[in-house]
Protein chains: 2
Amino acid sequence: MKKFINAPEQVEDQMIQGMVKAYPQYLRKLDCGNVVVRSNKKEGKVALISGGGSGHEPAHGGYVGEGMLDAAVAGAVFTSPTPDQVYEGIKAIATDAGVLMVIKNYTGDVMNFEMAAEMAQADGIAVKQVVVNDDVAVKDSLYTVGRRGVAGTIFVHKIAGALAETGADLDAVTDVAQKVIDNVRTMGAAIRPCTVPAAGKPGFELGEDEMEVGIGIHGEPGTHREKIKPADEIVDMLLEQILADIDYSGSEVAVMVNSAGATPLMELYIIYNRVADVLAQKGISVYKALVGEYMTSIEMEGFSISLLKLDDQLKGLLDAGADTPAFKA
Amino acid sequence: MKKFINAPEQVEDQMIQGMVKAYPQYLRKLDCGNVVVRSNKKEGKVALISGGGSGHEPAHGGYVGEGMLDAAVAGAVFTSPTPDQVYEGIKAIATDAGVLMVIKNYTGDVMNFEMAAEMAQADGIAVKQVVVNDDVAVKDSLYTVGRRGVAGTIFVHKIAGALAETGADLDAVTDVAQKVIDNVRTMGAAIRPCTVPAAGKPGFELGEDEMEVGIGIHGEPGTHREKIKPADEIVDMLLEQILADIDYSGSEVAVMVNSAGATPLMELYIIYNRVADVLAQKGISVYKALVGEYMTSIEMEGFSISLLKLDDQLKGLLDAGADTPAFKA
């Protein structure tokens, strides 16, 4: 294992410490483990919390700030945070307007966030939740009952966060988060694995000419393996699955081409070039494109495409101001 | 070679096309090759142009927009753009206030930008230039007489771009660009090489426990090779060289921890964690930190640290608004 780290057991702590030191204007770390909250708590609004295992940076700490999240909880790499961690995060950000939990659909995450919510509710804090399940590749995977939650989660942070910032109530913020979930679909592929520091070796292996299609953000298996193809053909294959799942025809969409961590921007732009052409051919209009590292898998080399079907409400909230370490609008 | 591309000879064109399709609100491509300019030309201000070989994305097209560049010229991967390309870029953005060229110090870039400037001057366009040479690792390297220009270039784009946006004249914008160059120093290291698509194989090789210290942004040799060490020790080694080159003591600095392309954010934050501690110990105050992909080397796995010594003028211009695909402030 060749990485810029000090010791595998220090990775999560030192990463979070580095993030907080880099962005003190946005982030403050709680004393109870790797939970980051906004450095300036904003009262009177619904507070948003998300999180999950580490290894998906900048998710989720990079999205803590004005117009997005109020707290992010980081477990060990690819491991759900504990209920206690989530509970401390909820308590730190809770306002009279309540708390919305944005959970990616993994069994451990859902269970631990729900336990934390029960603890918080016992304290009199109003807590609601949404579960993101945007990955069209597989149903009932290694760590999930139902579809997995992947890069589409960032759209939930952005849009629900923007509505919360306006002072909307907990039901309204929950509803718009669910509306994003109902309208976003994602699928990815990868050509090189990643190594969890504590494991010391890659989570899977691929032949020199192979790719994993429909891969998950922890390197879990997708729909199948096949020989790597030209980028345009890979894009066509992923888009076909996404477009078969929701009727996007005639609509405006936000597109995210997300790096799994090690894919160079050069390749993401080549991928986007094809995405744009295919959508134009199908009469789907791109309202906004995001190309970069949004929900990574350490240094996996791969990408995902997300399409979010928009209406006027979602467009306005997508465009609304956001000021966080990893997302500014 | 395993990459998300269609064909090596299409990489540059498809990348630029994808970038322009993703960001039509910021970018327009000229018909004469891979030159991108602001989609809305702003008259009455000094216009900034930069560029170089492709492979450093988001540099430089990602920095075209309000408060930074007016044009970016992209050569083939790791190859200088031609004088004709640069000349077309200058003509497209030139205003009565003149044009400033921000050139990274590589022999081919300097020569071709200077030839373009002569052509533009013959047309009556006022053109000045600065040459960025922030890399403290080596003098007189493979492609350079003098020090190489690397990630510190982004600070020149940001700060000179901000002053240009205020309507300052060409001399003033040139002077502040040179002031940034005089006050910024960078050094990097890498643990895995990158592959130029047209070459089809890595530009260099490293043993499974080796790193290249002081590496350039095209993978050119640095000061030496040695066994990989804990991240903190690598940071200490790089900072020692940087801090020996300028007296930063007692000053405020902007810090950039820049990914060479494939280094996960997790590791960049671990690196920043040490940078922050060392600077604090030395009484150097961090005014602003930037951690991410700013000047990459395709999918090289490595990073660089840049320190920019600030005064009140530079702080104000660093904080000023910027709205580009890759940099928002």
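The paragraphs below set out a description of the structure included in this document. Please read all numbers here as calculations on a predicted model, not as lab measurements.

## Thoughts on the interface of chain B and chain A
Line of reasoning, step 1. At the interface, 56 residues of chain B touch 56 residues of chain A.
Line of reasoning, step 2. Each partner contributes to the roughly 4900 Å² buried at the junction of chain B and chain A, and carbon and sulfur atoms together form 63% of this total.
Line of reasoning, step 3. For the chain B face of the interface with chain A, the top three residues by lost area are Lys2(B), Phe4(B) and Met266(B), together amounting to 22%.
Line of reasoning, step 4. Applying the counting criterion to the chain B and chain A interface returns four salt bridges.
Line of reasoning, step 5. One salt bridge in this structure joins Glu267(B) and Lys3(A), with 3.9 Å as the shortest N-O distance.
Line of reasoning, step 6. Where chain B touches chain A, the interface holds 18 residue pairs in polar contact (both at pLDDT 80 or more).
Line of reasoning, step 7. Those elements that provide at least two residues to the side of chain B that touches chain A are helix 1 (11–22), strand 7 (184–192), helix 6 (231–245), helix 7 (265–281), strand 11 (285–292) and strand 12 (301–310) of chain B.
Line of reasoning, step 8. For the side of chain B that touches chain A, the element with the highest residue contribution is helix 7 of chain B, accounting for 10 residues.
Line of reasoning, step 9. Tallied by class, the residues present in the side of chain B that touches chain A amount to 31 nonpolar, 10 polar and 15 charged.

## Some words on the side chain of Asp70(B)
Line of reasoning, step 1. With respect to the helices and strands, Asp70(B) occurs in the loop between strand 3 (47–54) and strand 4 (71–77).
Line of reasoning, step 2. At 2.7 Å, the side chain of Asp70(B) and the side chain of Lys45(B) are in polar contact.

## Let's talk about the side chain of Glu212(A)
Residue and element names in this part refer to chain A.
Line of reasoning, step 1. Mapped onto the secondary structure, Glu212 falls in strand 8 (residues 210–213).
Line of reasoning, step 2. Here Arg225 takes part through its side chain, which lies 2.6 Å from a polar atom of the side chain of Glu212.
Line of reasoning, step 3. Once you skip the residues sitting within four places of it in the chain, Glu212 turns out to touch Gly188, Ala189, Ala190, Leu206, Pro221, Gly222, His224 and Arg225.

## Here we look at unusual backbone geometry
Residues and elements named next belong to chain A.
Line of reasoning, step 1. Residue Ala59 is joined to His60 through a cis peptide bond whose omega torsion reads 0°.
Line of reasoning, step 2. Looking at the secondary structure, you find His60 in the loop between strand 3 (47–54) and strand 4 (71–77).
Line of reasoning, step 3. The phi angle at Phe78 is positive, at roughly 55°, despite the residue not being glycine.
Line of reasoning, step 4. Summarising the element assignment, Phe78 is placed in the loop between strand 4 and helix 2 (83–93).

## Brief notes about the layout of surface pockets
Line of reasoning, step 1. In this structure, the largest pocket occupies an estimated 1200 Å³ of space.
Line of reasoning, step 2. Lining the largest pocket are 42 residues; nearest its centre among them are Ala326(A), Lys328(A), Ala326(B), Phe327(B) and Lys328(B).
Line of reasoning, step 3. Those elements that provide at least two residues to the lining of the largest pocket are helix 7 (265–281), strand 11 (285–292) and helix 8 (312–319) of chain A together with helix 7 and strand 11 of chain B.
Line of reasoning, step 4. Partitioning the lining of the largest pocket into residue classes produces 29 nonpolar, four polar and nine charged.
Line of reasoning, step 5. Roughly 850 Å³ of volume is contained in the second largest pocket.
Line of reasoning, step 6. A per-class count over the lining of the second largest pocket returns 13 nonpolar, five polar and 15 charged.

## A short note on the nonpolar core
Line of reasoning, step 1. Leu100(A) and Val275(B) are the most contacted members of the largest nonpolar core, which totals 105 residues.
Line of reasoning, step 2. With residues up to four places along the chain from it excluded, the contact list for Leu100(A) reads Val46(A), Ala47(A), Leu48(A), Ile49(A), Lys128(A), Gln129(A), Val130(A), Ala160(A), Leu170(A), Val173(A), Thr174(A) and Ala177(A).
Line of reasoning, step 3. Ranked by size, the runner-up nonpolar core spans 104 residues in total, among them Ile242(A), Ile270(A), Ala289(A) and Ala162(B).

## Description of the relation of the copies chain B and chain A
Line of reasoning, step 1. Of the two same-sequence chains, chain B is brought onto chain A (RMSD 0.0 Å, axial shift 0.0 Å) by a rotation of 180°. The symmetry that links the two subunits is that of a two-fold axis. For chain B, the smallest separation between a C-alpha atom and the rotation axis is recorded for Ala262(B), amounting to 1.9 Å.
Line of reasoning, step 2. Mapped onto chain A, 100% of the interface residues of chain B are again interface residues, and the two copies thus contact each other with one and the same surface.

## Digging into the pairing of strand 5 (residues 99–104) of chain B
All names here are of chain B.
Line of reasoning, step 1. For strand 5, a buried count of six out of six residues is recorded, marking the element as mostly surrounded by other parts of the structure.
Line of reasoning, step 2. Judged by which residues are buried, strand 5 turns out to be covered on both faces: Val99, Met101 and Ile103 on one side and Leu100, Val102 and Lys104 on the other are all buried.
Line of reasoning, step 3. Direction of pairing for strand 3 relative to strand 5: parallel, over a ladder of four bridges. For Ala47, the partnering residue across the bridge sits in strand 5 and is Val99.
Line of reasoning, step 4. In this fold, the crossover linking strand 5 to strand 6 (residues 127–132) by way of helix 3 (residues 107–122) has right-handed handedness.

## A few points about the sheet that holds strand 4 of chain A
Note on sheets: strands pair through backbone hydrogen bonds, and any given pair is parallel or antiparallel.
Residues and elements named next belong to chain A.
Line of reasoning, step 1. One open sheet accounts for six strands, arranged 1-2-4-3-5-6; its pairing is mixed. Each edge of the open sheet carries a strand with a single partner, namely strand 1 (27–29) and strand 6 (127–132). Averaged over neighbouring strand pairs, the angle between their axes works out to 25° when direction is ignored.
Line of reasoning, step 2. Both strand 5 (residues 99–104) and strand 6 contribute to a ladder of six bridges, which runs parallel. Following the sheet pairing, Ile103 is matched in strand 6 by Val131.

## Thoughts on the packing of helix 5 (residues 170–183) of chain A against helix 8 of chain A
Residue and element names in this part refer to chain A.
Line of reasoning, step 1. Put simply, helix 5 and helix 8 touch, their axes get as near as 11 Å, and they point 100° apart. In terms of axis orientation, helix 5 runs roughly perpendicular to helix 8. Residues Val176, Lys179 and Val180 of helix 5 pack against Gln313, Leu314 and Leu317 of helix 8.
Line of reasoning, step 2. Counted by class, the contact of helix 5 with helix 8 contains four nonpolar, one polar and one charged residues.

## Observations regarding the environment of Asn40(B)
Line of reasoning, step 1. Assignment of secondary structure puts Asn40(B) in the loop between strand 2 (35–38) and strand 3.
Line of reasoning, step 2. Separated by 176 residues in the primary sequence, Asn40(B) and Gly216(B) place their C-alpha atoms 34 Å from one another.

## Brief notes about helix 8 (residues 312–319) of chain B
All names here are of chain B.
Line of reasoning, step 1. Inspection of helix 8 places Leu314, Lys315, Leu317 and Leu318 among the buried residues, and these make up the whole buried set.
Line of reasoning, step 2. Buried-residue contacts for helix 8 involve helix 4 (153–165), helix 5 (170–183), strand 10 (252–259), strand 11 and strand 12.
Line of reasoning, step 3. The N-terminus of helix 8 is capped by Asp311, whose side-chain oxygen sits 3.1 Å from the backbone nitrogen of Gln313.

Cut-offs used in this document
- Residues numbered from 1 in each chain as written.
- Chains lettered and ligands numbered in written order.
- Predicted model: local features only at pLDDT ≥ 70, side-chain atom pairs only at ≥ 80, totals over all residues.
- Heavy atoms only, no water.
- Contact = heavy atoms within 4.5 Å.
- Buried area = accessible area lost by both parts, 1.4 Å probe.
- Salt bridge = Lys/Arg side-chain N within 4 Å of Asp/Glu carboxyl O.
- Polar contact = N/O pair within 3.5 Å; in protein donor to acceptor, adjacent residues only side chain to side chain.
- Helix = DSSP H or I, 4+ residues; strand = E, 2+ residues; numbered from the N terminus.
- Nonpolar A, V, L, I, M, F, W, Y, C, P; charged D, E, K, R; others polar.
- 1 Å grid on protein atoms, 1.4 Å probe; cavity = no way out; pocket = protein on both sides within 12 Å on 5 of 7 lines; lining within 4 Å.
- Points joined across faces, edges and corners; volume = space filled by probe spheres on them.
- Core = buried A, V, L, I, M, F, W, Y, C linked by side-chain atoms within 4.5 Å.
- Buried < 20%, exposed > 50% of the residue type's maximum accessible area, 1.4 Å probe, protein only.
- Least-squares fit on C-alpha atoms with pLDDT ≥ 70 in both.
- Pairing = 2+ DSSP bridges.
- Right-handed = clockwise from strand over helix to strand, strands pointing away.
- Axes fitted to C-alpha atoms, helices over the stretch in contact; angles between N-to-C directions.
- Parallel < 35°, antiparallel > 145°, perpendicular 65-115°, else oblique.

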